[in-house]
Amino acid sequence: MSTFVPCKGKTACRDDGVKCLTCGRSFDEIEQTRRLIDALAEFVCTQGYDNVDEFAAYVADKVEKKVCYRREMFRNSIVGKS
């Protein structure tokens, strides 16, 4: 597994043509993350939510739970094969 390093901002970004030398993430990973964030922002704007902070906290909580669940299912599938 790897550790996520958040972007330090476009002014701090340095690259080698493949990845950011500041955060270490590939340009593909950075672009995918931007698309996901953009889609969520567009959804919030379309819905007209006033409480963006609550929506963002809800999404963050759900993502964390879903990742933990999937990792547990993966570990269980490996144990079951032994």
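Refer to the structure printed above.
This one's a predicted model, so the numbers in the text were calculated from it and none came from an experiment.

Digging into the packing of aromatic side chains
Applying the stated rule across the entire model yields three aromatic pairs. Between Phe 43 and Tyr 49 the ring centres are 6.2 Å apart and the planes differ by 75°, which places this aromatic pair in the edge-to-face class. Classification of Phe 43 as partly exposed rests on a relative accessible area of 37%. In textbook terms, an aromatic cluster arises when at least three aromatic residues are bridged by ring pairs, as seen for Phe 43, Tyr 49 and Phe 55.

Let's talk about the environment of Val 67
With respect to the helices, strands and loops of the structure, Val 67 is situated in helix 2 (residues 52-81). With a relative accessible area of 35%, Val 67 lands in the partly exposed category. Separated by 17 residues in the primary sequence, Val 67 and Asp 50 place their C-alpha atoms 28 Å from one another.

What to know about the state of the cysteines
All told, the structure shown has zero disulfides when counted by the stated rule. There is no disulfide at Cys 23, and the cysteine sulfur nearest it, in Cys 20, is 3.9 Å away.

Things to note about the layout of surface pockets
Of the volumes computed, that of the largest pocket is approximately 150 Å³. As for the largest pocket, its lining consists of Thr 33, Leu 36, Ile 37, Leu 40, Val 59 and Val 63. Those elements that place two or more of their residues in the lining of the largest pocket are helix 1 (27-47) and helix 2. Looking at the lining of the largest pocket element by element, the count peaks at four residues for helix 1. Split into classes, the residues belonging to the lining of the largest pocket amount to five nonpolar, one polar and no charged.

Each value, and the rule that gives it
Residues numbered from 1 in each chain as written. Predicted model: local features only at pLDDT ≥ 70, side-chain atom pairs only at ≥ 80, totals over all residues. Heavy atoms only, no water. Phe/Tyr/Trp six-rings, centres within 6.5 Å; stacked < 30°, edge-to-face > 60°. Buried < 20%, exposed > 50% of the residue type's maximum accessible area, 1.4 Å probe, protein only. Helix = DSSP H or I, 4+ residues; strand = E, 2+ residues; numbered from the N terminus. Disulfide = S-S within 2.5 Å. 1 Å grid on protein atoms, 1.4 Å probe; cavity = no way out; pocket = protein on both sides within 12 Å on 5 of 7 lines; lining within 4 Å. Points joined across faces, edges and corners; volume = space filled by probe spheres on them. Nonpolar A, V, L, I, M, F, W, Y, C, P; charged D, E, K, R; others polar.

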